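As a plain string of letters, each chain reads:
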Amino acid sequence: MMQRLSQLLPAGLAAAMVLAALPLAAPAWSNESAMITVTGQISYRQRIALLPGSTATVTVSDVSRADAPAQVLAEASIAAGQVPIPFSLEVPTEEMDERGRYALRATIRDAEGGLRWTTDTHIPVDPALAVNDLGMLMLVQVAAPAGMTEATYVCGDRIVSARFSPNALQLVIDGETRDLAPARSASGARYAAEDGTLAFWDKGASALLQTGGLETECIKQTARATEITGGVWRVEDINGRGTVDNAMTSLEFTPDGRVSGRGGCNQYTGSYTREGDTLTFGPLASTQMACVPALGDQEQKFFQVLSGPVTVSFDATGAMTLTNAGDQSITARR
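Note that the structure is a prediction, hence the values are computed from the model and not measured. (Residues numbered from 1 in each chain as written. Predicted model: local features only at pLDDT ≥ 70, side-chain atom pairs only at ≥ 80, totals over all residues. Heavy atoms only, no water.)

(A) Broad picture of the pattern of salt bridges. Overall, the coordinates contain five salt bridges when judged by the stated rule. Between R333 and E236 there is a salt bridge, and its shortest N-O distance comes to 3.2 Å. Of the two residues, R333 sits in strand β26 (residues 329-333) while E236 sits in strand β18 (residues 232-238), which places them 97 residues apart along the sequence. Classification of R333 by relative accessible area gives partly exposed; the value is 29%. The partly exposed category is assigned to E236, whose relative accessible area is 35%. (Salt bridge = Lys/Arg side-chain N within 4 Å of Asp/Glu carboxyl O. Helix = DSSP H or I, 4+ residues; strand = E, 2+ residues; numbered from the N terminus. Buried < 20%, exposed > 50% of the residue type's maximum accessible area, 1.4 Å probe, protein only.)

Pasting the structure below:
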């Protein structure tokens, strides 16, 4: 039929009718009544409990113009228990442009609205992707409010966070916040709860925790370790799965840029460079001993973490964690 019409009609009109009959192709970019989803988790590396009543806030903003305030396109507030905190945010694309720049920011505030944790890097959001899975985002700690000092203590197997103000102590222990008042003591600063069930005696570099009729010595963790040299780091965890018992997996860094140790089965040696919190390893040479399957698999995962740049961090107990771009990690302790 179309062929017969093309023979009867002028060439230009026939071509127009053929084009009109074809389905229209969808544009490469369409933002009419569309939404994109931005998901991920927020956490931090320090072993510090969140204060009760904390709130996490995640925003996606238009940061295309450096000379104008960022326009918030979507925001979600989440009652924060403890990290990691998952989030999922629906962002309308009607105000987005394929050439624009968009970024996510995450924060955690305490019950009084004080900023405690925040992202400190640019986290891009791609408007062309229906789902932006940003993975695990690590926040950094914000300094304590004026007039307040903070410290973290290791009390036996507990991590205790203390917030000292001129006339009070707020103690975070076992996920609960307790308010303590100054109490009489022969030396140091002692604080106690009104009901007498909890007391904390700060002695400077150490402290004494009194709870449930028991006394526990505490070590103050005020200065975060930053040096990787000065001893052997024994690996106690790889990718969150622990390590094979009685298998020595280790790292030892020297100031001249050399690293050596055991992968669990074989010995290795090589070089490294450090820029801030980033470690980059050169080629690692290792012996070629035959390994039992469990040790061989563990050793392979160990070297896989070290195959690219890693971020080095330290927790309140002095443990060192090396994390690569794929979120694979090694945790070691001296």
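(B) Spotlight on the environment of E252. Looking at the secondary structure, you find E252 in strand β19 (residues 250-253). A residue is classified by how much of its surface remains accessible, and E252, at 32% relative accessible area, is partly exposed. Along the primary structure E252 and T269 are separated by 17 residues, whereas in three dimensions their C-alpha atoms are 9.5 Å apart.

(C) Molecular detail of the state of the cysteines. Taken as a whole, this structure holds two disulfides when the rule is applied. What pairs with C155 in a disulfide is C218, and their sulfur atoms sit 2.1 Å apart. Across the S-S bond linking C155 and C218, the dihedral sits near 115°, which makes this disulfide right-handed. With C155 in strand β10 (residues 149-155) and C218 in strand β17 (residues 214-221), the pair connects residues that are 63 residues apart, well separated along the chain. (Disulfide = S-S within 2.5 Å.)

(D) Representation of the sheet that holds strand β8 (residues 131-138) within the structure. The strand order β4-β1-β8 describes an open sheet built from three strands, whose pairing is mixed. A strand with exactly one partner marks an edge of an open sheet, and here the two such strands are β4 (85-92) and β8. Neighbour-to-neighbour, the strand axes of this sheet turn through a mean angle of 20°, independent of strand direction. Relative to β8, strand β1 (residues 35-43) runs parallel, the two being bridged by six bridges. Residue pairing in the sheet places S43 in a bridge with M138 of β8. (Pairing = 2+ DSSP bridges. Axes fitted to C-alpha atoms, helices over the stretch in contact; angles between N-to-C directions.)

(E) Spatial organisation of the packing of aromatic side chains. Summed over all chains, the structure comprises nine aromatic pairs. A centroid spacing of 5.0 Å and a plane angle of 75° characterise the contact between Y153 and F200, whose relative ring orientation is edge-to-face. Pair noted here: Y153 is in strand β10 and F200 is in strand β15 (residues 198-202), with a separation of 47 residues, a long-range link. When its relative accessible area of 0% is taken as the criterion, Y153 is described as buried. Pairwise contacts between aromatic rings join F253, Y272 and F281 into one cluster. For the cation-ring pair, K203 lies above W201, with the distance from its terminal atom to the ring centre recorded as 4.6 Å. (Phe/Tyr/Trp six-rings, centres within 6.5 Å; stacked < 30°, edge-to-face > 60°. Lys NZ or Arg CZ within 6 Å of the ring centre and 35° of its normal.)

Shape descriptors only; they carry no functional weight alone.
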